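Here are the chains, one letter per residue:
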Amino acid sequence: MSELPDGVKFGTGEGDLPVVDIDTTRARARIYLYGAHITEWTPAGSEPVLWLSPASFFAEGSPIRGGIPICLPWFSKGPNGDLEPMHGVARLTEWDLVEASEADGNVTLHLQLRMEDWSASLIIGIGTTLTLELTTTNHGDGRMMLEEAFHTYFRVSDVANVRVNGLDGASYLDKVAGGTAVQQGDVIFTDRTDRVYESDSGVAIIDPGRGRRIEISKQNSPHTVVWNPWSETTKAMADIPDESWPAFVCVETASVGAFAAALAPGESRTMATSYRVDPL
Ligand code: TA6
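Heads up: these notes are all about the structure in this document. None of these values were measured; they are calculated from a predicted model.

### Examining the site of the ligand
No. 1: Close to the ligand lie R65, F75, M86, H87, R91, H151, D194, V225, W227 and E252, which account for all nearby residues.
No. 2: In this structure, an oxygen atom belonging to the ligand sits 3.0 Å away from a side-chain N or O atom of H87.
No. 3: Within the side chain of E252, one N or O atom sits 2.8 Å away from an oxygen atom of the ligand.
No. 4: For the shell around the ligand, a count of residues per class yields 4 nonpolar, 2 polar and 4 charged.

So, in structure tokens, the structure goes:
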């Protein structure tokens, strides 16, 4: 598309990858067409909300580390643990920007991904709230198993001093300890944490160090994934500096695992999430 509204510009990001930059009275943001990957969202009057690794790769074939990776059409290695690449192909493929509009400083972008047997449409709303609406459509002749997640890296003061409110009583798969458990109270972080909660409710990240809470609401998402690699795992990750693990927490609006959706030919599924920052 050629014409862009006020406050929306094409540009070149890291690794000479094409980006769409947003700068309006409501917010600043950067979206890489590679993976339809939002790497920055800063609402007016706030500090940046997303964490982006200073050591991220920006090259075809490698996922951008941080921001909002789109995990699609599977999560991790798929429901049976046998699929590659990790977290699916959408975050490793260039999407097309098909429409951009602006009204009163709020920007709406529509990006599309066309694969052989399926397509995805992402509507991003950028203002003092960030909204994402992902619709996946099966164009094949058979059923399509679908997993999806917004694998969002939220910037926090210190992961050891934040908590996630809203999952009390939810059962979860603990991928560190193995097995399942039931959440007691708020989620706190004392070591590597990798959990898939069965919960369709919104949550909030409470960050006293930054004097803010990040409200996460969601639609058509039966799971919330919570992850921080902590110190040891981070040492084995080339695209996260060893000392950076306290600076983020992933809280992921998701539909994953064996309960993943199955789309009949021609069928679509939409999952949505939105983020808002409030002072504590
Ligand atoms: O969402 C949590 C998780 O599945 C973890 O198990 C860890 O693998 C993380 O995603 C990061 O995955 P990535 O492929 O982006 O390094």
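Next comes the rest of the description.
### Describing the side chain of D194
No. 1: With respect to the helices and strands, D194 occurs in strand β17 (residues 193-198).
No. 2: In this structure, D194 is buried with no salt-bridge partner, the nearest side chain bearing the opposite charge being K175 at 4.4 Å.
No. 3: Not counting chain neighbours up to four residues away, the residues in contact with D194 comprise L173, D174, K175, V176, V226 and W227.

### Points about the packing of aromatic side chains
No. 1: The final tally for this structure, using the stated rule, is 9 aromatic pairs.
No. 2: Between the aromatic rings of Y153 and F248, the centroid separation amounts to 5.3 Å while the plane-to-plane angle is 50°, which identifies the pairing as tilted. Pair noted here: Y153 is in strand β12 (residues 153-155) and F248 is in strand β21 (residues 248-255), with a separation of 95 residues, a long-range link.
No. 3: Among the aromatic side chains, those forming a connected cluster through ring pairs are W51, Y153, W227 and F248.

### Quick look at the sheet that holds strand β8 (residues 118-126)
Across a sheet, strands are paired by hydrogen bonds formed along the backbone, either parallel or antiparallel in direction.
No. 1: Across the sheet, 9 strands lie side by side as β6-β7-β8-β9-β23-β19-β18-β13-β16; this open sheet has antiparallel pairing. One side of each edge strand has no neighbouring strand; the edge strands of this open sheet are β6 (96-103) and β16 (187-188).

### Let's talk about unusual backbone geometry
No. 1: Each neighbour pair has its own omega, and for L72 with P73 the value is 0°, a cis peptide bond.
No. 2: Tracing the backbone shows P73 in the loop between β5 (70-71) and β6.
No. 3: Omega for the bond connecting E84 with P85 falls within 30 degrees of zero, at -5°, which places this linkage in the cis form.
No. 4: Mapped onto the secondary structure, P85 falls in the loop between β5 and β6.
No. 5: Positive phi, close to 65°, is recorded for H87, a residue that is not glycine.
No. 6: Looking at the secondary structure, you find H87 in the loop between β5 and β6.
No. 7: A positive phi is found at D104, a non-glycine position, where the angle reads about 55°.
No. 8: Note on placement: D104 falls in the loop between β6 and β7 (106-114).

How each quantity is defined
- Residues numbered from 1 in each chain as written.
- Predicted model: local features only at pLDDT ≥ 70, side-chain atom pairs only at ≥ 80, totals over all residues.
- Heavy atoms only, no water.
- Near = heavy atom within 4 Å.
- Polar contact = N/O pair within 3.5 Å; in protein donor to acceptor, adjacent residues only side chain to side chain.
- Nonpolar A, V, L, I, M, F, W, Y, C, P; charged D, E, K, R; others polar.
- Helix = DSSP H or I, 4+ residues; strand = E, 2+ residues; numbered from the N terminus.
- Buried < 20%, exposed > 50% of the residue type's maximum accessible area, 1.4 Å probe, protein only.
- Lys, Arg positive; Asp, Glu negative; His and termini not counted.
- Salt bridge = Lys/Arg side-chain N within 4 Å of Asp/Glu carboxyl O.
- Contact = heavy atoms within 4.5 Å.
- Phe/Tyr/Trp six-rings, centres within 6.5 Å; stacked < 30°, edge-to-face > 60°.
- Pairing = 2+ DSSP bridges.

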